[in-house]
Amino acid sequence: MTNPFVQRSNALSSPQKKRIQQSRKLIKMLYAHGSLAVADISKAVSISVPSAARLIEEMIEAGFIESIGQGISGGGRRPQLFALKAEGGMVIGVDIRRNLINVGAMNLHNQLVGELTTLHTPLENNEGYFQLLTKAVKEKIKEIKPLTNHILGIGVALPGLINPETGHSYTNLNIFDTPLRKVLERMLGIPVYLDNDARLMALAELVFGKAKGLRNVLCLNVGAGLGMGMIINGELFHGSTGFAGEFGHTNYGQNEPLCSCGQHGCLEWYAGGPGLLKMAKEYETTEPGFPLDVDNITEEAISGNQPAIKMINTLGLNLGRGLANLVHLMNPEMIILGGSISRSGFILSEPAEKTMRANSISHINEHTKIETSEIIELAPLLGAQALVISKSF
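Residues numbered from 1 in each chain as written. Predicted model: local features only at pLDDT ≥ 70, side-chain atom pairs only at ≥ 80, totals over all residues. Heavy atoms only, no water.

Q: Please explain the overall build of the chain as it appears in this structure.
A: Counting its regular elements, the chain contains 13 helices and 15 strands. Based on the C-alpha atoms only, the size of the chain along its principal axes is roughly 75 × 50 × 40 Å. Across the 393 residues of the chain, 52% fall into the buried class. Looking at the chain alone, contacts between residues at least 24 apart form 61% of all its contacts between residues at least 6 apart. Of the accessible surface of the chain, which amounts to about 18,200 Å², a share of 51% is contributed by carbon and sulfur atoms. Where the 35 positive side-chain charges of the chain centre and where its 36 negative ones centre are 10 Å apart. (Helix = DSSP H or I, 4+ residues; strand = E, 2+ residues; numbered from the N terminus. Buried < 20%, exposed > 50% of the residue type's maximum accessible area, 1.4 Å probe, protein only. Contact = heavy atoms within 4.5 Å. Areas by Shrake-Rupley, 256 points an atom, 1.4 Å probe, with all protein chains shown as cover. Lys, Arg positive; Asp, Glu negative; His and termini not counted. Charge placed at Lys NZ, Arg CZ, Asp CG, Glu CD.)

Q: Explain unusual backbone geometry here, please?
A: As a rule of thumb, non-glycine residues mostly have phi less than zero, and peptide bonds are mostly trans rather than cis. The backbone of Asn110 sits at a positive phi, close to 60°, despite the residue not being glycine. Position of Asn110 among the secondary structure elements: in the loop between strand 5 (101-107) and strand 6 (112-119). Even without being glycine, Asn233 reaches a positive phi, approximately 55°. Inspection of the secondary structure assignment puts Asn233 in the loop between strand 12 (226-232) and strand 13 (235-237).

Q: Any chance you could explain the state of the cysteines here in plain terms?
A: Each disulfide consists of one covalent bond between the sulfur atoms belonging to two cysteines. Summed over the entire model, instances satisfying the criterion amount to zero disulfides. Cysteine Cys259 shares no disulfide, and the gap to the nearest cysteine sulfur, in Cys266, comes to 3.8 Å. Classification of Cys259 as buried rests on a relative accessible area of 4%. (Disulfide = S-S within 2.5 Å.)

Q: Help me understand the nonpolar core, please; the structure alone is not making it clear to me.
A: When a protein is soluble and globular, its nonpolar side chains tend to lie buried together. Grouped together as the largest cluster of nonpolar side chains are 38 residues, with contacts concentrated most on Leu26, Ile65 and Ile231. Setting aside its immediate chain neighbours within four residues, Leu26 contacts Ile41, Val45, Leu55, Met59 and Ile65. The next biggest cluster of nonpolar side chains, apart from the first, holds 34 residues, and it includes Leu267, Met279, Ile297 and Leu315. (Core = buried A, V, L, I, M, F, W, Y, C linked by side-chain atoms within 4.5 Å.)

Q: Sorry if this is basic, but what is going on with the packing of aromatic side chains here?
A: When we look at a pair of aromatic rings, we describe it by the centre distance and by the angle of the planes. According to the stated counting rule, one finds four aromatic pairs in the structure shown. Centre to centre, the rings of Tyr252 and Tyr270 are 4.6 Å apart; their planes meet at 50°, and the pair counts as tilted. With a gap of 18 residues between them, Tyr252 in the loop between strand 13 and helix 7 (268-271) and Tyr270 in helix 7 connect regions that are remote in the sequence. By relative accessible area, Tyr270 is classed as buried at 15%. Seen from their ring centres, Tyr283 and Phe290 are 5.0 Å apart, and the 75° between their planes marks the pair as edge-to-face. Judged by its relative accessible area of 9%, Phe290 is buried. (Phe/Tyr/Trp six-rings, centres within 6.5 Å; stacked < 30°, edge-to-face > 60°.)

Q: It is not clear to me how a nonpolar patch on the surface should be interpreted in this structure. Could you clarify?
A: On the surface, Leu112, Leu116 and Leu378 cluster together into a nonpolar patch covering about 190 Å² of accessible area. As for its placement among the helices and strands, Leu378 is situated in the loop between strand 15 (369-372) and helix 13 (379-392). (Patch = residues over 30% accessible without salt bridge, like charges linked within 9 Å, V, L, I, M, F, W, Y side chains within 5 Å. Salt bridge = Lys/Arg side-chain N within 4 Å of Asp/Glu carboxyl O.)

Q: I'm lost on the pairing of strand 11 (residues 217-222) in this one. Help?
A: Regular strands show a simple pattern: their side chains alternate between the two faces of the sheet. Judged by how many residues are buried, strand 11 sits mostly within the fold: six of six residues are covered. Because side chains alternate across strand 11, one face comprises the buried residues Val217, Cys219 and Asn221, and the other comprises Leu218, Leu220 and Val222, equally buried. By the bridge criterion, six bridges tie strand 11 to strand 12 in an arrangement that is antiparallel. Pairing of Val222 across the sheet is with Leu226, part of strand 12. Where strand 11 folds back onto strand 12 in an antiparallel hairpin, the turn is made up of three residues. In this sheet, strand 14 (residues 334-338) lies alongside strand 11 in parallel orientation, the contact comprising five bridges. Note on strand 14: the bridge partner recorded for Leu220 is Leu337. (Pairing = 2+ DSSP bridges.)

Q: Would you mind going over the sheet that holds strand 14 with me for this structure?
A: Either a parallel or an antiparallel arrangement is found when strands of a sheet pair, and the pairing is made through backbone hydrogen bonds. An order of 13-12-11-14-15 is seen for the five strands of this open sheet, with the pairing classed as mixed. Both outer strands of the open sheet, strand 13 and strand 15, are each paired with one neighbouring strand and no more. Averaged over all pairs of adjacent strands, the angle between their axes in this sheet comes to 25°, without regard to strand direction. Taken strand by strand, helix 10 (residues 306-330) contacts strand 11, strand 12, strand 14 and strand 15, and its axis lies near 155° from that of strand 11. (Axes fitted to C-alpha atoms, helices over the stretch in contact; angles between N-to-C directions.)

Put into structure tokens, the structure is as follows:
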């Protein structure tokens, strides 16, 4: 029986290794295209039609794919179509934010399985927080194990500086002598992949969202901070050491308080969560009871609260000036606004776009669209799903 998730091993014979490679390629193609006929699978995997038919039989027997009926005829008999079985494999996604943790499981149809586990707790760099995190993930593993043939891996979206190749987190949960990824794998017994949250949001947009089919897109995470994921030439861009996209820590002024990065004047103090909270705290001194957290201020703006709308408008104006610099530097097809504050929609995007266009060369900016993400809440988990899938095959 062919199991595409068997780890590479010297104990396997050359034909076995080749068969596993073929099965992984088949799953990757079905994940990308949804469904394929035997003839299409034969071409995609570079094997004969009879060999493709045998591979399909093996994968059906193993529980990874299934027949979903007949396709459109090209002139002869209607072809039988095959697709991934939803429960053939699952991914656990972990979305770590500055004020909460989301843990969810997704199947091979990119559907959320069961309920999302949400822990409302501030991100802390200590053993207690780490134990809380791993406990939630272990409970999710226990929950989904009876529902699937295989848990492919765990994808972790985490704020801060992360090198996805080495598995090091340099900003958060850097309390161990070994890379965070290795610590998690040792504790959980499942492959773990981690990356910066904004970068995984960009990956989600590339695979599932508004960046699909585009080549050069910038995806912003306007939330508790201000992050950015970059899609260049159709691929996620990491930079030489995995730290590309720290847009929120570009210099915008000199008068703001010391940023978490150790510098003064970071853009996120004008166009991200810290800037929004600063305005809210100033307003709250005269209007006690006004919310002092990013999510509730955004909800107030969506509900029509004028002071909250004005604050996010101001955030958008400052953001637009930063976007003008990005347009000149990167010449993107699209800039996608994501993150919790972007749920305010046009309240943020309109002043941001207006200011961007007013402060950049029209011959360059006329080719750049500003869009608000349609997958804001699930983007980190979808990005984690796409990351694990990409690493599994």
